[in-house]
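Close look at the chain arrangement
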Amino acid sequence: MDQASAPLLEVRGVTLQYKTDQHLVTATWRVDFDVHPADRFVLLGPSGCGKSTLLKGVAGFMAPVEGTIALKGRPVERPGPDRMMVFQEFDQLLPWKTVEDNVVFPLEIAGRAKGLEARERARATIAKVGLSKFREVYPHMLSGGMKMRVAIARAMAMEPDILLMDEPFAALDALTRRKMQEELLALWDELRFTVLFVTHSIEEAILVGSRILLMSPHPGQVRAELNAGTFGRGQIDTPEFAALARRIHDMLFAERIESEGRAGHG
Amino acid sequence: MAEPIAKREPPLRPEILRQTRDVSGLGAVERPLTAAERLMNQAGVRRSLILIGLAAAWQLYGQYVGNNLILPTFFEVLEALWEVSRSGELPDRVLTSLRVLTIGYTAGIALAAVLTTLAVSTRLGADLLSTLTAMFNPLPAIALLPLALLWFGLGVGSLVFVLIHSVLWAVALNTHSGFSSVPETLRMAGQNMGLRGIPFVARILVPAAFPSILTGLKIGWAFAWRTLIAAELVFGVSSRSGGLGWFIFEKRNQLETASVFAGLLAVIVIGLVVESVVFRSIERRTVRRWGMQR
Ligand SMILES: Nc1ncnc2c1ncn2[C@@H]1O[C@H](COP(=O)(O)OP(=O)(O)OP(=O)(O)O)[C@@H](O)[C@H]1O
Ligand SMILES: [Mg+2]
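Here's what I pulled together on the structure shown here. (Residues numbered from 1 in each chain as written. Chains lettered and ligands numbered in written order. Predicted model: local features only at pLDDT ≥ 70, side-chain atom pairs only at ≥ 80, totals over all residues. Heavy atoms only, no water.)

1. A word on the overall build of chain A
Heads up, the rule is: In this text, helices come from DSSP runs of H or I with a minimum length of four residues, and strands from runs of E with a minimum of two, each type numbered from the N-terminal end. When accessible area is computed with a 1.4 Å probe and restricted to protein chains, residues below 20% of their type maximum are described as buried, those above 50% as exposed, and intermediate ones as partly exposed. Should any heavy atoms of two residues lie within 4.5 Å, those residues are considered in contact. For the area figures, the Shrake-Rupley method with a 1.4 Å probe applies, and any residue is considered shielded solely by the protein chains shown.
Looking only at helices and strands, chain A has seven helices and ten strands in total. By its C-alpha atoms, chain A is 65 × 45 × 40 Å across when sized along the principal axes. Here chain A, with 266 residues, has 51% of them falling under the buried criterion. Across chain A, every contact between residues at least 6 apart in sequence was considered, and the portion connecting residues at least 24 apart equals 67%. Total accessible area on chain A stands at roughly 12,200 Å², and carbon and sulfur atoms take up 51% of it.

Structure follows, in structure tokens:
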């Protein structure tokens, strides 16, 4: 591993809160982590531990109440196309634009490419996610998994400094999810982008990630940061894979027993 | 009675195993519709058939009544329509009406845009919009005509005033509710690309809320057209260059009932054309194509 490389994304002691009319909800508490170039960095934790919130913080939709988030040494202040996000929901595509136009749109908005160049870049990326046949189709005519692929293509065509993905495969059936995970890894193999990937599936975290940030339940804190090596689909039945899964499972589970125990005695 | 629910078991059935066959040669999965089927799928064709039926009924009843001062027959009306069209009288009046309508409609939409912009950008603006709409929406525009005459006198000014009133609230209300129901994910996706301020509104919010905006425009148009004809009927009495409403009023005074009907037909036809040609084709090219409305 290249330890000398400067981190691309630095998250330092970040506390994120939601202010509602009645409550102040602390979603994450003093979270630290670094993402290096070409990392497949996974945020893993139980539902409600603040993974999405953390991603929104990095994307610039929420400002931390404490701590700093910096990309390439510059603090993150607002949303921007250098941190393209793939959302968890299917309705993130613009329904009034065709698949190709959906991919072209941010390219032109952000001034990454114009006219024919933008079209060509969009077409190339759409081909990479295997949707060339559907370029002229409107999003409402696509299946959920296809919409997700378009969203991934849209984000990837921008060649952002970091790709943010919030449980992009969570709403897909098991078969499609497998395929998409493999596709993502194949794309990474080719392009070596940096991705910050949120999931609550241990298996997916190990498969997709090169490094896993384990978060404790509400409010989210860092529990551990683990190396996931390079497990591929082939290794899913190996003892190493099972051992890592077991380790992660125990950490998450131990945390839960502990906190339940505390709650019971308190 | 059946046995207690707790003890119920699904019946045991043998398993079914099948080979899926290649159905691509079957041809029945996708089949072009026959010419007749396609014709009847056209809403326009079906509607035309209904119109022909209505005209026939009118003609027959008119002949049965046999009093063209009360109810001229369909063909008498068509004849009158041809007469007033050829003499240029009716087209003139229609143009006058449409000109006023365009001014009022555009001004109403422009004001609605200002009001909605205020409403999306500030909370006070949102409160202002909802209060004003709640107050003025139930008020028929025509009820403001006496006041308008007092303020703007006889003429286009008063008409435009009531037209604005009839368009503004419907459009502003629908646009605003359209904006506020744009999904959060879509907003974030837009911001993520770096869109902010006016470009964000123009390139994300407006298209995303387009179904509601279009509904507002349609309602606004319908209100405006009715209001204009009604207003002209009231005011034409003392104004020289009247529109279509004044034409109808005038012809009634001259006891030319067939021409009155011709004027009414013109009102209907223009209404229909705008609703089922203009707005429908906008719909077909936008919200339906995008799957945002069925
Ligand atoms: N808009 C909001 N307003 C108030 N509280 C919120 C809001 N969104 C999230 N929260 C709270 O913040 C905490 C973290 O939520 P978040 O969505 O980040 O969880 P998550 O880890 O992404 O969970 P999941 O895996 O279920 O998506 C939760 O306790 C939730 O109740
Ligand atoms: Mg989430």
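Okay, back to it.
2. Structural notes on the packing of aromatic side chains
Operational definition: Only rings of Phe, Tyr and Trp enter the pairing, Trp through its six-membered ring, and a pair is recorded when the two centres are within 6.5 Å. The plane angle decides the type: under 30 degrees is stacked, over 60 is edge-to-face, the rest tilted. We call a charge positioned over a ring when the NZ of a Lys or the CZ of an Arg lies within 6 Å of the ring centre and within 35 degrees of the ring normal.
Evaluation of the coordinates by the stated rule reveals 13 aromatic pairs over all chains. Measuring from centroid to centroid gives 6.3 Å for Phe61(A) and Phe87(A), while their planes differ by 40°, and the two rings are tilted. Here Phe87(A) lies in the loop between strand 6 (85-86) and helix 2 (99-109) and Phe61(A) lies in the loop between helix 1 (51-59) and strand 4 (66-71), a separation of 26 residues in the sequence. Assigned by exposure class, Phe61(A) and Phe87(A) land together as buried. Three or more aromatic residues link up through ring pairs in this structure, and these residues are Trp58(B), Phe74(B), Phe75(B) and Phe261(B). Note that Arg40(A) overlies the ring of Trp188(A), its terminal NZ or CZ placed 4.2 Å from the centroid.

3. Notes on the interface of chain B and chain A
The condition that has to hold: For any pair of parts, buried area is found by adding up, for both, the accessible area (1.4 Å probe) each one loses once the two are put together. Should a side-chain nitrogen of Lys or Arg be within 4 Å of a carboxyl oxygen of Asp or Glu, the pair is scored as a salt bridge. By the criterion applied in these results, polar contacts are pairs of N or O atoms within 3.5 Å in which, for protein atoms, one can donate a hydrogen and the other can accept it, and in which residues neighboring in sequence qualify only through two side-chain atoms. When residues are sorted by character, Ala, Val, Leu, Ile, Met, Phe, Trp, Tyr, Cys and Pro go into the nonpolar class, Asp, Glu, Lys and Arg into the charged class, and all the rest, Gly among them, into the polar class.
With 19 residues of chain B at the interface, the matching set in chain A holds 24 residues. Taking both sides of the interface into account, the surface hidden between chain B and chain A amounts to around 2,000 Å²; carbon and sulfur atoms contribute 69%. Considering only the side of chain B, the residues that lose the most area to chain A are Asn192(B), Met193(B) and Trp290(B), jointly responsible for 35% of the buried surface there. One can count zero salt bridges joining chain B with chain A. Applying the counting criterion to the chain B and chain A interface returns seven residue pairs in polar contact (both at pLDDT 80 or more). Every element with two or more residues in the side of chain B that touches chain A is listed here: helix 8 (184-192) and helix 9 (197-208) of chain B. The greatest single-element share of the side of chain B that touches chain A, amounting to six residues, is contributed by helix 8 of chain B. Its residues assigned to classes, the side of chain B that touches chain A comprises eleven nonpolar, five polar and three charged.

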